[in-house]
Amino acid sequence: MSKKSKGILFIIISAFCFALMNLFVRLSGDLPPMQKSFFRNFVALLFATIVLLRSEQKFQFNRENLPQLIARATLGTIGILCNYYAVDHLVLSDASMLNKLSPFFAIIVSYFYLKEKVTPFQATAVVVAFIGALCIIKPGFSSLTTGPALIGALGGLGAGAAYTMVRSLSLRGERGPFIVFFFSAFSCLVCLPYLLFAYHPMTWTQLILLLLAGLSAAGGQFAITAAYSNAPAREISVFDYSQIIFAALLGFLFLQQIPDFLSVIGYIIICGTSIAMFFYNQKH
């Protein structure tokens, strides 16, 4: 497979994993975002540690990449915490819309930070996919003036910028598992003080659901790191919108949620755009 095809495959896998993660987080009930965030990243940290221990280089990394590693971890942690805060304080459709701004921000940040060119076709494809996402989640635009919505938008920016840092680190030769390890360890350390002083008791069911959410997040994190390591954001980020389709299927199967007509239109737009982007990449 070409690097572009691998990037597309990995980002679709990551979209499914993150949709699964959101399902488990939703089923876990009313818990603080910090607590959910800790478990989300703790499982990913365990997986990354095991992978690194089995590698020849173990925990070695290029010290010149440390500033970018810290930037990736900081931006990723901000993205997670802001997203969970938005989910807790906004209607779910608004929070989902703001979170789905991350691929759009990834292309913008990549353009300015990595100087990666964006063709008119690729830019149009992202905009069309973004319109498809609007059809599905139908946000209330009036809420964009509120504090929580601005925090949710900051989360989308943080995630998009973090993915750009992943791409940059990969171009500088940093290993994907170490990037995941560094980010997960950093995020856990940020959330740990909250857990020590404001821990909310959980049932065994809630604990298992959060561990499953962490397992899904680990899969998504490894997959998306591999995706942006293989291809630039402008070529693959549009496929991240497939997470909405996976979320709709999981919502129907486990939460008995049935999409309306506008949502179906959105699915068609996103699938059509993804197929068009795939053939464009193959041709060029």
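Residues numbered from 1 in each chain as written. Predicted model: local features only at pLDDT ≥ 70, side-chain atom pairs only at ≥ 80, totals over all residues. Heavy atoms only, no water.

### Quick notes on the overall build of the protein chain
Operational definition: Runs of E in the DSSP output that reach at least two residues are strands. Runs of H or I that reach at least four are helices, and both are numbered from the N terminus. Residue burial is assigned from relative accessible area. The probe radius is 1.4 Å, only protein chains are included, and a residue is buried under 20% of its type maximum, exposed over 50%, and partly exposed in between. Note on contacts: a residue pair qualifies if any of its non-hydrogen atoms lie within 4.5 Å across the two residues. The accessible surface values rely on the Shrake-Rupley method and a 1.4 Å probe; as for residues, cover is taken only from the protein chains in view.
Summing up its helical and strand segments, the protein chain has 12 helices and 0 strands in all. The linear arrangement of helices and strands in the protein chain, starting from the amino end, is α-α-α-α-α-α-α-α-α-α-α-α. Expressed as a percentage of its 284 residues, the buried residues of the protein chain come to 52%. In the protein chain, of all internal contacts separated by at least 6 residues, the share reaching a separation of at least 24 is 90%. Within the structure as shown, the protein chain displays about 13300 Å² of accessible surface, and the carbon and sulfur contribution to it stands at 73%.

### Details of the side chain of Ser 216
Looking at where Ser 216 falls in the secondary structure, it is placed in helix α9 (residues 204-230). Beyond its immediate sequence surroundings of up to four residues, Ser 216 is in contact with Cys 17, Leu 20, Met 21 and Phe 24.

### Examining the confidence of the model for the protein chain
Predicted coordinates in regions of low pLDDT should not be interpreted in detail. Cut-off, in case you're wondering: By definition, pLDDT measures how confident the predictor is in each residue, and it falls between 0 and 100.
For the protein chain, per-residue confidence averages 80 on the pLDDT scale, and 90% of positions sit at 70 or higher. Averaged pLDDT values over the elements of the protein chain bottom out at 66 in helix α4 (residues 92-99) and peak at 87 in helix α8 (residues 176-198).

### Observations regarding the packing of helix α1 (residues 3-27) against α9
Worth spelling out the cut-off: Whenever a helix is involved, its axis is fitted only over the stretch in contact; in every case the axis is a line through C-alpha atoms, and angles between N-to-C directions fall within 0 to 180 degrees. Between 65 and 115 degrees an angle is taken as roughly perpendicular, under 35 as roughly parallel, over 145 as roughly antiparallel, and anywhere else as oblique. Working rule for handedness: look at the near helix, and if it is turned counterclockwise from the far one by less than a right angle, call the crossing left-handed; if clockwise, right-handed. All residues other than Ala, Val, Leu, Ile, Met, Phe, Trp, Tyr, Cys, Pro, Asp, Glu, Lys and Arg, Gly among them, are scored as polar; the first ten of these are nonpolar and the last four charged.
Running from N to C, α1 and α9 point in directions that differ by 160°, and their axes come no closer than 7 Å. With respect to α9, the element α1 is oriented roughly antiparallel. Our pair here, α1 against α9, has a crossing hand that is left-handed. In the contact of α1 with α9, the residues fall into 19 nonpolar, 7 polar and 2 charged.

### Overview of empty space enclosed by the protein
Over the atoms, a rolled probe matching the size of one water molecule traces out where space is still vacant. Defined as follows: Using protein atoms alone on a 1 Å grid, points that fit a 1.4 Å probe yet trap it form a cavity, whereas open point sets bounded by protein on both sides within 12 Å along at least five of seven lines form a pocket; residues with an atom within 4 Å of a point count as lining. Grid points are joined across faces, edges and corners, and a volume is the space filled by probe spheres set on the points.
One pass over the structure, following the stated rule, counts 1 cavity of 30 Å³ or more. As for the largest cavity, its lining consists of 22 residues, of which Phe 18, Arg 40, Asn 99, Ala 159 and Tyr 163 are closest to the centre. Going through the elements one at a time, α1, α3 (66-89), α7 (147-171) and α9 are the ones with two or more residues in the lining of the largest cavity. Ranked by residue count, the leading element in the lining of the largest cavity is α3, at 6 residues. Across the lining of the largest cavity, the residue classes break down as 9 nonpolar, 9 polar and 4 charged.

### A closer look at α8
Here is the rule we go by: What a helix is expected to span follows from its residue count: subtract one and scale by 1.5 Å. At every residue, the bend is computed as the angle between two fitted axes, covering the seven residues ending there and the seven beginning there respectively.
If you check α8, its first and last C-alpha atoms are 33 Å apart, about what 23 residues at 1.5 Å a residue would give, namely 33 Å. Roughly 35° is the biggest bend found in α8, and it falls at Cys 191, with proline Pro 193 one to four residues downstream.

### Regarding the nonpolar core
What counts here: Buried Ala, Val, Leu, Ile, Met, Phe, Trp, Tyr and Cys residues that are joined via side-chain atoms within 4.5 Å together make up what is termed a nonpolar core.
In this structure, Met 21, Tyr 228, Ile 236 and Tyr 241 are the most contacted members of the largest nonpolar core, which totals 54 residues. The element contributing the most residues to this core is α8, with 10 residues.

### With respect to the environment of Phe 59
Summarising the element assignment, Phe 59 is placed in the loop between α2 (33-53) and α3. Residue Phe 59 is classed as partly exposed on the basis of its relative accessible area of 32%. The sequence separation of Phe 59 and Phe 181 amounts to 122 residues, and the corresponding C-alpha distance is 9.1 Å. Those residues in contact with Phe 59, other than ones at most four positions away along the chain, are Thr 49, Leu 52, Leu 53, Arg 175, Phe 178 and Phe 181.

### Quick notes on the environment of Pro 177
Of note, Pro 177 is situated in helix α8. Considering only alpha carbons, one finds Pro 177 and Leu 52, 125 residues apart in sequence, at a separation of 6.7 Å. Other than its neighbours up to four places away in sequence, Pro 177 contacts Ala 48, Val 51, Leu 52 and Phe 222.

### Here's the deal with a nonpolar patch on the surface
Basically, it comes down to this: Residues enter a patch when their relative accessible area is above 30% and they make no salt bridge; the linking distance is 9 Å between like charges and 5 Å between nonpolar side chains (Val, Leu, Ile, Met, Phe, Trp, Tyr). The term salt bridge refers to a side-chain nitrogen of Lys or Arg lying within 4 Å of a carboxyl oxygen of Asp or Glu.
A cluster of nonpolar side chains, namely Phe 42, Leu 46, Phe 47, Ile 208, Leu 212 and Leu 215, defines an oily patch on the protein surface of about 500 Å² accessible area. Within the residue set of the nonpolar patch, elements represented by two or more residues are α2 and α9. Inspection of the secondary structure assignment puts Leu 215 in helix α9.

### Looking at the environment of Ala 217
Mapped onto the fold, Ala 217 is located in helix α9. Residue Ala 217 is classed as buried on the basis of its relative accessible area of 0%. Along the backbone, Ala 217 and Asn 41 are 176 residues apart, and their C-alpha atoms lie at a distance of 7.4 Å. Contacts of Ala 217, omitting those with residues within four sequence positions, involve Phe 18, Met 21 and Arg 40.

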